[in-house]
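Structural description and commentary
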Amino acid sequence: MDILKVIVTVVYVLICIALVIVVLMQEGKSAGLGAIGGGATETYWGKNKGRSMEGALEKFTKGLAVGFIVLSVVLNLL
């Protein structure tokens, strides 16, 4: 049981570090003065965001966040 806890803790720390790095790599969501009018301009990059690097980072962040929460619960139960 102690070996399992050590392994889960190491994976947890690696996910924590990866989550911090991925969040810091993302761009800001502020659109400057254009956001005051409430409209996000539909550009080529805005329409194809899911296929871009930014879209991939968002998906990866969500996956890491789910892993972080699951491992937090597992470590609490151990």
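So, here is what we can say about the structure in this document. Every value quoted in this text rests on a predicted model; they were computed, and no experiment measured them.

Their axes nearest at 9 Å, the elements helix α1 (residues 2–25) and helix α3 (residues 53–77) cross at an angle of 150 degrees. Taken together, the axes of α1 and α3 are roughly antiparallel relative to one another. The hand of the α1/α3 crossing is left-handed. Here Lys5, Val8, Thr9, Val11, Tyr12, Ile15, Cys16, Ala18, Leu19, Val22, Val23 and Met25 of α1 come into contact with α3, specifically with Leu57, Phe60, Thr61, Leu64, Ala65, Gly67, Phe68, Leu71, Ser72, Val74 and Leu75. Residues of the contact of α1 with α3, tallied by class, amount to 18 nonpolar, 4 polar and 1 charged.

With that settled, consider α3. Helix length check: α3 (25 residues) gives 36 Å between terminal C-alpha atoms against 36 Å at 1.5 Å per residue, within 8%. Every buried residue belonging to α3 is among Glu54, Gly55, Leu57, Thr61, Leu64, Gly67, Leu71 and Leu75, and all of these are buried. Against α1 lie the buried residues of α3.

Cut-offs and rules
- Residues numbered from 1 in each chain as written.
- Predicted model: local features only at pLDDT ≥ 70, side-chain atom pairs only at ≥ 80, totals over all residues.
- Heavy atoms only, no water.
- Axes fitted to C-alpha atoms, helices over the stretch in contact; angles between N-to-C directions.
- Helix = DSSP H or I, 4+ residues; strand = E, 2+ residues; numbered from the N terminus.
- Parallel < 35°, antiparallel > 145°, perpendicular 65-115°, else oblique.
- Left-handed = near helix turned anticlockwise from the far one by under 90°.
- Contact = heavy atoms within 4.5 Å.
- Nonpolar A, V, L, I, M, F, W, Y, C, P; charged D, E, K, R; others polar.
- Expected span 1.5 Å × (residues − 1).
- Buried < 20%, exposed > 50% of the residue type's maximum accessible area, 1.4 Å probe, protein only.

The values are spatial; any link to function lies outside them.
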